[in-house]
Amino acid sequence: MEVDIGNALGSVATPGVSRGSLERLDERVADAHERIEAGIGDREHGYAALALPETADPDAIRAAVDPIDCDTLLVVGIGGSALGAATIADALDLDIDVHTLDNVDPDHTRTLLDSLDLSRTALHVVSRSGTTAETLANFLVAREAMESAGVDWTERTLVTTGEEGNLRGLAERHDLPALDVPAGVPGRFSALSTVALPVAALGGGDVEGLLAGAGAEAEGLTGSLFESPAYAYGATTYALAQRGWRVNAMMPYAESLETFAEWFAQLWAESLGKEGVGQLPARALGATDQHSQLQLYRAGPRDAMVSLVRPRERGDVSIPETDLEGLSYLGGSSLGELLDAEFEATEASLAAAGRPNVRVEIDRVDAHELGGLLYGMEAACVLAGELYLVPTFTQPAVEWGKRAARGLLGGGEFEEAAAVEEKERLVVD
Ligand SMILES: O=P(O)(O)OC[C@H]1O[C@](O)(CO)[C@@H](O)[C@@H]1O
């Protein structure tokens, strides 16, 4: 990935980041890089994610999926246990249909299961903890649907999970093919592992290409934001947040990268949102959200930076010549040219309003470039966590709600459940 931070500088954005500040910040980047390298080398919790280009084992993943013959894959997982696979499936041309069950909306789950030929569908059930309620509930519902359809689910279910937990027990009891989640890799950093790569392996995708792209980005991690695109992105977004730009709108200009923005949102929010700091990741899509969100990013509170992402190469569709009044300027050009013009125009429009934005470019949306983009954003996030001085690899704040929900469902005594009952009420209807 290539990162252009020109429109984050003080000469463009108000407030922006001066070159002097970037140079001073680069001293901290050098220290942080040493810390990160040491963590990678020692396979420390969290940092181990940045070793995946070396440690992931495509052959083991392929061996696990080889027995499974399907036209459709249903990924049953949530958060980091689903978003990586969904991003890969959305971006790459796979020869299977991929659906994700990453919520417990009864209508959606029912409609999706009813729409599938379950005899040609495989399940990939993914949970690092092996205890996540939504994932296990959806698995039980999907399994029952397969049984009702007379389909032997044990023939078509792959599991990725930790050493312990309900899911591990289930896999052993039914002798299901099971992959281990990589040690020391939090869910949101696990796209390039046994958590998400099976979708590429099952769908004829280029698993080695994904890892090679990530590896190339890893080689680019030097101790300076002026040399490493990932660190340039991580350091600049941090510096902008310090100057009040607390929202980061991730805006890819490719439909195939829409889910990437969702994946990025978990990475950025769950890693950096703690101890009162962090940046709110907003999901946007270019050019579509120029016609919905851009007004706010250009003229709303001075708190939103925009990250514009695009592939330099893409297929294209020419726009037919027309003599329709006012449209002849479009005739003879192409949708790709229009999209690129929109990208550059939006970038310039934000700059003209003194609103910071960062450009992220990849050559094209393929396995290699996607691997590099995912890895680059993970490394950017790890660096930003070092600069924010927060524990990047934990997410303690999500546990309160889990205990409350479990208590409400009779899954044990939890004071949080009681707090739900005591909700303050001022109902207007
Ligand atoms: O893989 P698991 O343990 O089911 O967790 C799913 C997701 O839930 C979280 O723990 C948040 O609740 C995320 O960090 C994680 O990606």
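Owing to the predicted nature of the structure, the values given are computational and were not obtained by experimental measurement.

## A closer look at the overall build of the protein chain
Right, so step 1: Scanning the protein chain for helices and strands turns up 16 helices and 10 strands.
Right, so step 2: Taken over the C-alpha trace, the protein chain has a radius of gyration of 23 Å; the compact-globule value for 429 residues is 22 Å, and the two agree within 12%.
Right, so step 3: With the C-alpha coordinates of the protein chain rotated into their principal frame, the extents come out at 65 × 55 × 55 Å.
Right, so step 4: Counting over 429 residues, the protein chain shows a buried share of 54%.
Right, so step 5: A sequence separation of at least 24 residues applies to 74% of the contacts in the protein chain between residues at least 6 apart.
Right, so step 6: Approximately 18900 Å² of the protein chain is accessible, and the part contributed by carbon and sulfur atoms is 50%.
Right, so step 7: In the protein chain, 31 positive and 71 negative side-chain charges are present, and the distance between their average locations comes to 6 Å.

## A short note on the environment of Ala 353
Right, so step 1: Here Ala 353 lies in the loop between α13 (335-352) and β10 (357-362).
Right, so step 2: Each C-alpha atom, one on Ala 353 and one on Ala 13, is 7.9 Å from the other, the two residues being 340 residues apart in sequence.
Right, so step 3: Discounting residues that sit within four places of it in the chain, Ala 353 has contacts with Arg 298 and Arg 302.

## Points about the domain arrangement of the protein chain
Right, so step 1: By the assigned domains, the protein chain splits into domain 1 (2-36 + 211-388) and domain 2 (57-181).
Right, so step 2: Between domain 1 and domain 2, the C-alpha centre-to-centre distance is 32 Å.
Right, so step 3: Residue-level contacts link 15 residues of domain 1 with 11 residues of domain 2.
Right, so step 4: Between domain 1 and domain 2 the total buried area reaches about 940 Å² when both faces are included, carbon and sulfur atoms providing 68% of it.

## With respect to the site of the ligand
Right, so step 1: Near the ligand lie 14 residues; those nearest to it are Ser 81, Ser 127, Ser 129, Thr 132 and Glu 270.
Right, so step 2: Measuring from an oxygen atom of the ligand, one finds a backbone N or O atom of Gly 80 at 2.8 Å.
Right, so step 3: Here an oxygen atom of the ligand sits 2.6 Å away from a polar atom, N or O, in the side chain of Ser 81.
Right, so step 4: Summarising the interface, the protein chains cover 88% of the accessible area of the ligand, which totals 390 Å² for the free molecule.
Right, so step 5: Given that more than half its atoms are within 2 Å of the pocket grid, the ligand belongs to the largest pocket.
Right, so step 6: Class assignment of the residues belonging to the shell around the ligand gives a composition of two nonpolar, eight polar and four charged.

## Describing the sheet that holds strand β1 (residues 2-4)
Right, so step 1: The mixed open sheet is built from five strands, whose spatial order is β1-β10-β9-β7-β8. Of all the strands in the sheet, the pair left with one neighbour each is β1 and β8 (280-283). The mean angle between the axes of side-by-side strands here comes to 20 degrees, regardless of whether they run parallel or antiparallel.
Right, so step 2: Sitting on the sheet, α13 is in contact with β9 (304-311) and β10, with an inclination near 160 degrees to β9.

## Things to note about the pairing of strand β3 (residues 97-101)
Right, so step 1: In this structure, strand β2 (residues 72-76) lies alongside β3, joined through five bridges in parallel fashion. Residue pairing for β3: Leu 73 is matched across the bridge by Val 98.
Right, so step 2: Regarding topology, helix α4 (residues 83-91) serves as the crossover connection from β2 to the parallel β3, and that connection is right-handed.

## Quick notes on the UniProt feature "active site" (unreviewed entry) in the protein chain
Right, so step 1: Mapped onto this structure's residue numbering, the UniProt feature "active site" (unreviewed entry) falls at Glu 270, His 291 and Lys 402. Look at the named residues: they lie 133 residues apart in sequence, and the longest C-alpha span between them is 36.6 Å, so in the fold they stay spread out. The subset of these annotated residues that lines the largest pocket comprises Glu 270 and Lys 402.
Right, so step 2: Its place among the elements puts Glu 270 in helix α11 (residues 258-272).
Right, so step 3: With relative accessibility at 23%, the residue Glu 270 sits in the partly exposed group.
Right, so step 4: Those residues in contact with Glu 270, other than ones at most four positions away along the chain, are Arg 188, Ala 265, Thr 392, Thr 394, Gln 395 and Val 398.
Right, so step 5: Position of His 291 relative to the elements: it lies in the loop between β8 and α12 (294-299).
Right, so step 6: Classification of His 291 as exposed rests on a relative accessible area of 67%.

## A closer look at the nonpolar core
Right, so step 1: Core analysis: the biggest nonpolar cluster contains 94 residues, and Tyr 233 and Met 377 have the highest contact counts within it.
Right, so step 2: The leading source of residues in this core is helix α14 (residues 367-388), at 14 residues.
Right, so step 3: Counting residues domain by domain, this core receives three or more from each of domain 1 (2-36 + 211-388) and domain 2 (57-181).
Right, so step 4: Setting aside anything within four residues of it in sequence, one finds Tyr 233 in contact with Val 3, Asn 248, Met 250, Phe 264, Trp 268, Ser 307, Val 358, Val 360, Met 377 and Ala 380.

## Remarks on the environment of Leu 350
Right, so step 1: As for its position among the elements, Leu 350 is in helix α13.
Right, so step 2: Overall, Leu 350 belongs to the buried group, its relative accessible area being 1%.
Right, so step 3: Ignoring anything within four residues of it in the chain, the contact list for Leu 350 reads Leu 294, Tyr 297, Arg 298, Val 306, Leu 308, Arg 355 and Asn 357.

## Considering the packing of helix α5 (residues 106-115) against helix α6 (residues 133-148)
Right, so step 1: The interhelical angle for the contact between α5 and α6, taken along N-to-C directions, is 35 degrees, at an axis separation of 11 Å. When the axes of α5 and α6 are compared, the crossing they make is right-handed. Contacts from Thr 109, Arg 110 and Leu 113 in α5 reach Asn 138, Val 141, Ala 142 and Ala 145 in α6.
Right, so step 2: Split into classes, the residues belonging to the contact of α5 with α6 amount to four nonpolar, two polar and one charged.

## Overview of the sheet that holds β3
Right, so step 1: Pairing within the open sheet is parallel, and its five strands lie in the order β3-β2-β4-β5-β6. Edge positions in the sheet fall to β3 and β6 (178-180), since each of these pairs with one other strand and no more. This sheet shows a mean twist of 20 degrees between the axes of neighbouring strands, independent of strand direction.
Right, so step 2: Summarising the sheet, β2 and strand β4 (residues 121-127) pair through five bridges and their orientation is parallel. Within β4, the position partnered with Val 75 by the bridge is His 124.

Rules used throughout
- Residues numbered from 1 in each chain as written.
- Predicted model: local features only at pLDDT ≥ 70, side-chain atom pairs only at ≥ 80, totals over all residues.
- Heavy atoms only, no water.
- Helix = DSSP H or I, 4+ residues; strand = E, 2+ residues; numbered from the N terminus.
- Rg over C-alpha atoms; globule rule 2.2 N^0.38 Å.
- Buried < 20%, exposed > 50% of the residue type's maximum accessible area, 1.4 Å probe, protein only.
- Contact = heavy atoms within 4.5 Å.
- Areas by Shrake-Rupley, 256 points an atom, 1.4 Å probe, with all protein chains shown as cover.
- Lys, Arg positive; Asp, Glu negative; His and termini not counted.
- Charge placed at Lys NZ, Arg CZ, Asp CG, Glu CD.
- Domains from an automatic or database assignment.
- Buried area = accessible area lost by both parts, 1.4 Å probe.
- Near = heavy atom within 4 Å.
- Polar contact = N/O pair within 3.5 Å; in protein donor to acceptor, adjacent residues only side chain to side chain.
- 1 Å grid on protein atoms, 1.4 Å probe; cavity = no way out; pocket = protein on both sides within 12 Å on 5 of 7 lines; lining within 4 Å.
- Sits in = over half its atoms within 2 Å of the grid points.
- Nonpolar A, V, L, I, M, F, W, Y, C, P; charged D, E, K, R; others polar.
- Pairing = 2+ DSSP bridges.
- Axes fitted to C-alpha atoms, helices over the stretch in contact; angles between N-to-C directions.
- Right-handed = clockwise from strand over helix to strand, strands pointing away.
- UniProt positions renumbered as here; feature names shortened; annotations may be inferred.
- Core = buried A, V, L, I, M, F, W, Y, C linked by side-chain atoms within 4.5 Å.
- Left-handed = near helix turned anticlockwise from the far one by under 90°.

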